[in-house]
Structures are given as structure tokens and as C-alpha cells.
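Take a look at the letters that make up each chain.
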Amino acid sequence: MRRALLCLAALSVSVPAWTADAWAADYIPRTENERAFAQILEEHQSYNERLQEVAAPLFKANARLCPRTRRDIGMTVHTISDYQPSLQPFAEVLMGATDRLSVRTIRKDSPADNAGLRVGDKIIGINGAYMPGGFTVQRFFKVATQNAFKQDSTELKVMRGDKRMDIKVGPETICDYPANVFFNQKINGHTDGEQIIITSELMKTVPDDVNLALIIAHEMSHAIKGHQRKEKALELKADRMALVLMSNAGYDIDRAISYWRESSHPHAEYQTTSKTHPTIDERYENFRKEQARIEKLKAAGKTIRFN
Ligand SMILES: [Zn+2]
């Protein structure tokens, strides 16, 4: 059990997306170890899927406010080489990974979803260029999509079972701060300026999606502004920016603040004595003031800028 946890931690960024329906049918865990591992993988997978769903409206609606953007179709891909050798048998049986590039996850209502791509589809070509197999294909795909996704429409050639299909997909511009689940027992959200890390324990203890969106938006704000230090004023600023991002994405900010107020705050004690973190009351007052400002601008039909 402990070993499985460590493996997952090392793999956190690329722990994949497992669609239970697609692969579980062939798979019967035999040993207790295998059962434990399969369960962790499934849990991790559901956290990752939920995080992508909740983060997507924030990334899509705020592209013009993000200094880093990318073109995206809402799918992730994998090959067997993305997994540590000890995990490869699991990846093959549980997730259908092979040495050919295949679709690992598809976000609901994304361009990939709407175009009809499915988990398990093998990508064999992009805009007429052939996709090789093997361990360099991920890098090859990244470079190929960087160019192909600049266009309004991209053609993917895929194999579904033994059927060959051409699928046209329309990429969209989104904020480029990928959100990932990190397997860890501490409740924490974090950004290094390039990606947003949410711990598995946080995913577990925050069941409300609007509250989760507020946490993602707060970390996104730090990334957008390139905040380096921990400072009271910067924390309050990130909270205000988070509400703007949330409002643009169509999240109910009144509910987010109420829920945030009522939920438990694991670091509350620390926050009342900290010089770098505002207190819960300070944050609450800051949230409500910013909410009032946003609602006034919204009612007047004005563009909402960061405050
Ligand atoms: Zn912060």
C-alpha cells in the first residue's frame, strides 16, 4: 500500500485517466496488493477528472486575462512509456496503454468530446502527418499539435478498434496553467507559476465544486501575477482576482463566499497568528467588498478588471 502511494506520488503529473467502463471489464485484480493499487488508481482518476471539469470554465473564460495561453482540444494522451516499468503492466491492463499514442481522457463538452473522439482512440495522424509509435511520440505529438492547433480546424486520423477514422476538431484558446492532482495527505493548493497543484486530500475534503473552483482561481491568480513571496496583501489580492475569474467563468460567487465561510479551515489557527497570511475574518471582509464591486460593474454592463 505504502509503496503504491509512493509510486503514484512520483508519477503525479501524468497519473492518468482511467475510464473504468472501457478497461475494467477485462481486469480482475488477483492479489490484495493489486486490489489496493487498482483502488488508488481509480480514486486518483476520479479526482483528476473532477479537477479538469471544475477548472475548465476558469481556463476558457479568462484566456484574455492570462499571460500564458495555449490552444487546446480538451483531451490528454498517453503511451505505455509514460509509466514507470513497475507500473506498465497495470497501465496496459487497466488503462489500455500501448506503445502507440492513445486518448487517455476527454473533458466533457470539450472540442474533442464534441468532435466525437473517445478514450482509447489511437492517434495515428495529425493534419496529414504520420504519428509514429514509441517513447518519443509524446514529444512529437506536442510539437505537431502546437502548430496544428493554431488553425481553426485540425484533422486527426485515429484507429478505433480496427476502424480507421478522420475526425475534425476545432481547438480553443485557454489559460495555460494546467491543474493536476498530487497524491498527498496534506490539504493544500499550490502553484509554481506554471502549473496548479491540488492535493488528493484537498479534493477529498472539499466536496463542493464551487468551493474547489475558488481554490483553483486563487492559485491561478498567483500564477497570473507571478507572486513569489507569501505576503498578506498578495493573498488578499489573489482572493479578489479569484472572484473576477470566477465571475467571468459563470460561477456563483455569492455561494462560493458563503460556502468558504462555513467550511472548515485547516490552517485557521496558523492564520490568526501569521504575518504572511490574512485572518479568516480579513479574507471574508475582502471577499464581500470585492463581490459588491463586481456585482455593481456587472449590473452596469461594464468590463470587470482586476482590483
Ligand atoms: Zn495564496
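Take the confidence of the model for the chain next. Across the chain, the average pLDDT comes to 86, with 88% of residues at 70 or higher. Below a pLDDT of 50 lies the segment residues 1-25, which in the model reaches 46 contacts outside its immediate sequence neighbourhood of four places, other chains included.

Axis separation between helix H8 (residues 209-225) and helix H9 (residues 232-248) bottoms out at 8 Å; the angle between their running directions is 115 degrees. Relative to H9, H8 is oriented so that their crossing is right-handed. Mapping the contact onto sequence places Ala 213, Leu 214, Ala 217, His 218, Met 220, Ser 221 and His 222 in H8 and Ala 238, Asp 239, Met 241, Ala 242, Leu 245 and Met 246 in H9. Its residues assigned to classes, the contact of H8 with H9 shows nine nonpolar, three polar and one charged.

Let us now look at the sheet that holds strand S10 (residues 189-191). The three strands lie next to each other as S9-S11-S10, forming an open sheet whose pairing is mixed. Where the open sheet ends on each side, the last strands, each with one partner, are strand S9 (179-182) and S10. In this sheet, adjacent strand axes meet at a mean angle of 25 degrees when their direction is disregarded. Bridge analysis of S9 against strand S11 (residues 196-199) gives four bridges, and the strand direction is parallel. Bridge assignment links Ala 179 to a residue of S11, and that residue is Ile 196. Against the sheet, H8 engages S9, S10 and S11, with an angle of about 20 degrees to S10.

Take the pairing of S11 next. Where S10 lies against S11, three bridges are found, and the strand directions are antiparallel. Bridging across to S11, His 190 finds its partner in Ile 197. Between S10 and S11, which follow one another and run antiparallel, lie four residues, and Gly 193 among them has a positive phi close to 95 degrees.

Counting residues in hydrophobic clusters, the biggest one holds 41 residues, and the most contacted among them are Leu 58, Ala 213, Ile 216, Ala 217, Met 220, Leu 245 and Met 246. When contributions to this core are tallied by element, the ones reaching two or more residues are helix H3 (32-61), strand S8 (172-175), S9, S11, helix H7 (200-205), H8, H9 and helix H10 (253-262). Here this core takes nine residues from H8, the largest share from any one element. If you count residues domain by domain, this core takes at least three from each of domain 1 (2-174) and domain 2 (206-299). Once residues within four sequence positions are removed from consideration, Leu 58 is found in contact with Ala 213, Ile 216, Ala 217, Met 220, Leu 245 and Ala 249. Listed in part, the 15 residues of the second largest apolar core include Ile 73, Leu 101, Ala 148 and Phe 149.

Here the focus is the environment of Met 159. Within the secondary structure, Met 159 is located in strand S6 (residues 154-160). For Met 159 and Lys 122, which are 37 residues apart along the polypeptide, the C-alpha to C-alpha distance reads 5.0 Å. In this structure Met 159 touches Lys 122, Ile 124 and Arg 164, once residues within four positions along its chain are discounted.

About the cut-offs
- Residues numbered from 1 in each chain as written.
- Predicted model: local features only at pLDDT ≥ 70, side-chain atom pairs only at ≥ 80, totals over all residues.
- pLDDT = per-residue confidence, 0-100.
- Contact = placed C-beta atoms within 7 Å.
- Axes fitted to C-alpha atoms, helices over the stretch in contact; angles between N-to-C directions.
- Helix = DSSP H or I, 4+ residues; strand = E, 2+ residues; numbered from the N terminus.
- Left-handed = near helix turned anticlockwise from the far one by under 90°.
- Nonpolar A, V, L, I, M, F, W, Y, C, P; charged D, E, K, R; others polar.
- Pairing = 2+ DSSP bridges.
- Core = buried A, V, L, I, M, F, W, Y, C linked by C-beta atoms within 7 Å.
- Buried ≥ 20, exposed ≤ 12 C-beta atoms within 10 Å, placed from the backbone.
- Domains from an automatic or database assignment.

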